[in-house]
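Results of the structural survey
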Amino acid sequence: MDTRQLEYFVAVADEASFTRAAERVYAAQSTVSAGIQSLERELGAALFERDAHGVRLTETGEALLPEARAALRSVERMRELADHDGPLRGTVRVGIFTNLTTIDLPGVMGEFHCRHPEVDLRLGPSPSGSTGLVEDVRLGRLDIAFHGLPDPVPDLLTIPLADSSFLAVLPETHPRAAQRTVSLAELADEPWVDARAGFGNRVALGRAFAVRGLTRRIPTELADLGEIPRFVATGLGVAALPELTIIPADGVVVLPLREPIEWRLSAIARGRPGRAAEALLSLLAERIGGVGAVG
């Protein structure tokens, strides 16, 4: 058994596809398939079920996947300890938000790449928002992720980055668009445009409604927060978003909510991040949060 076989195993499990796994590990699909078959022979058990519908972990594969992730993290840690004074190397997988209007995330990531060009930085969002990103960090699929859930994540290292108040987003033709402020109660009976279930802003706003004994109807759900104001402008509904996620759009007005609702953007990682991940966390805190270096 070698680490490359374990990398193939984890990649196929994460991607649920030999083709995508091969692209991820920069190997031919036949090489990945041969590596998995060799690992299965060595273990004496099948790790995947393969059929016309795709690739799924077997019960044994499910049980062994956390151990494979832990083994790969240990090997990476050993390499870092052996080369502690050398340049940062390795891979840092980061789960990001793509709609942070007042934060220059591309600039921060570009600065990190310039500082540490030998680190393979991999960036991508989650279709299930903060909930999916937190789970991906817990399972070892990601090294770092942003999250905006209202509750702390006690089993992960958390770096607060920015706080932002929710603002109401209304069509400019809405009867309440001329008000100076608007309350949740005044908007509760409206159709809403919001992020999909699992996104941190939706969880926080849903909790604010529940605390006040209010309910709402969400006929329009989007995976891209930046598109929400454009859908509101067409008259499909109203919205409320953290200010730093609102991308201005023609045909909408943005009003303060009468009840202050705060949203916090944080970065999370597992308890013992590698050197490269720790360096990126420190840069995020410095450039976005100003909360100092990672301890």
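Bear in mind the structure is a predicted one, so any value in this text is a computation, not a measurement. (Residues numbered from 1 in each chain as written. Predicted model: local features only at pLDDT ≥ 70, side-chain atom pairs only at ≥ 80, totals over all residues. Heavy atoms only, no water.)

Turning our attention to the packing of helix α1 (residues 3-15) against helix α2 (residues 18-25). α2 packs onto α1 with a crossing angle of 130 degrees between their chain directions and a minimal axis gap of 8 Å. What the angle tells us is that α1 and α2 run oblique. At the point where α1 passes α2, the crossing takes the right-handed sense. Each of Arg4, Glu7, Tyr8, Val10, Ala11, Val12, Asp14 and Glu15 in α1 lies in contact with α2, whose residues at this interface are Phe18, Arg20, Ala21, Arg24 and Val25. In terms of residue class, the contact of α1 with α2 is built from 7 nonpolar, no polar and 6 charged. (Axes fitted to C-alpha atoms, helices over the stretch in contact; angles between N-to-C directions. Helix = DSSP H or I, 4+ residues; strand = E, 2+ residues; numbered from the N terminus. Parallel < 35°, antiparallel > 145°, perpendicular 65-115°, else oblique. Left-handed = near helix turned anticlockwise from the far one by under 90°. Contact = heavy atoms within 4.5 Å. Nonpolar A, V, L, I, M, F, W, Y, C, P; charged D, E, K, R; others polar.)

Another point: the environment of Ala52. On the secondary structure map, Ala52 appears in the loop between β1 (48-51) and β2 (54-57). Sequence spacing of Ala52 and Gly90 is 38 residues, and the spatial spacing of their C-alpha atoms is 35 Å.

Attention shifts here to the packing of aromatic side chains. Under the definition given, this model contains 5 aromatic pairs. Judged by centre distance (5.7 Å) and plane angle (75 degrees), the ring pair of Phe9 and Phe48 falls under edge-to-face. Taken together, the positions of Phe9 in helix α1 and Phe48 in strand β1 put the pair 39 residues apart, joining distant regions of the chain. Considered together, Phe9 and Phe48 belong to a single accessibility category, that of buried residues. Ring geometry for Phe97 and Phe146: centres 6.1 Å apart, planes at 45 degrees, overall tilted. With Phe97 in the loop between β3 (90-95) and α5 (105-115) and Phe146 in strand β5 (residues 144-147), this residue pair connects regions lying 49 residues apart in the sequence. Like Phe97, the residue Phe146 is buried in the burial classification. Linked through ring pairs, Phe9, Phe18 and Phe48 together constitute an aromatic cluster. One cation-aromatic arrangement involves Arg216 over Trp192; the distance from NZ or CZ to the ring centre is 4.9 Å. The residue whose ring lies beneath Arg216 is Phe209, and the NZ or CZ to ring-centre distance is 5.2 Å. (Phe/Tyr/Trp six-rings, centres within 6.5 Å; stacked < 30°, edge-to-face > 60°. Buried < 20%, exposed > 50% of the residue type's maximum accessible area, 1.4 Å probe, protein only. Lys NZ or Arg CZ within 6 Å of the ring centre and 35° of its normal.)

Side chains bearing opposite charge may pair, as long as their charged atoms lie close to each other. Counting across every chain of the model gives 25 salt bridges. Between Glu49 and Arg56 there is a salt bridge; the shortest N-O distance is 3.4 Å. Through salt bridges with shared partners, a single network forms among Asp14, Glu15, Arg20, Arg24, Arg69, Asp136 and Arg141. (Salt bridge = Lys/Arg side-chain N within 4 Å of Asp/Glu carboxyl O.)

With that settled, consider the packing of α2 against helix α3 (residues 29-43). Contact geometry for α2 and α3: axes closest at 8 Å, N-to-C directions at 105 degrees. The orientation of α2 relative to α3 falls into the category roughly perpendicular. Note on element contacts: α3 touches α2 through Gln29, Val32, Ser33 and Ile36, opposite Phe18, Thr19, Ala22 and Val25.

Counting residues in hydrophobic clusters, the biggest one holds 55 residues, and the most contacted among them are Ile144, Phe146 and Leu284. Residue contacts for Phe146: discarding those within four places in its chain leaves Gly95, Ile96, Phe97, Leu105, Leu133, Leu161, Leu265, Ser266, Ala267 and Leu284. Counting residues in each nonpolar core, the second largest holds 21 residues, with Ala22, Val25, Val32 and Leu47 among its members. (Core = buried A, V, L, I, M, F, W, Y, C linked by side-chain atoms within 4.5 Å.)

Estimates place the volume of the largest pocket at around 960 Å³. As for the largest pocket, its lining consists of 32 residues, and the residues nearest its centre are Leu72, Arg73, Glu76, Arg93 and Asp143. Looking at the lining of the largest pocket, the elements with two or more residues in it are α1, α2, α4 (59-82), β3 and α10 (275-289). A per-element tally of the lining of the largest pocket places α4 first, with 9 residues. Computed from the structure, the second largest pocket encloses a volume of approximately 400 Å³. Around the second largest pocket, the lining comprises 14 residues; the ones closest to its centre are Glu15, Arg24, Gly124, Arg141 and Leu142. At the level of elements, α1, β3 and β4 (119-124) are the ones that each hand at least two residues to the lining of the second largest pocket. Ranked by residue count, the leading element in the lining of the second largest pocket is β4, at 3 residues. Residues of the lining of the second largest pocket, tallied by class, amount to 5 nonpolar, 2 polar and 7 charged. (1 Å grid on protein atoms, 1.4 Å probe; cavity = no way out; pocket = protein on both sides within 12 Å on 5 of 7 lines; lining within 4 Å. Points joined across faces, edges and corners; volume = space filled by probe spheres on them.)

Don't take any of this as a statement about function, it's just geometry.
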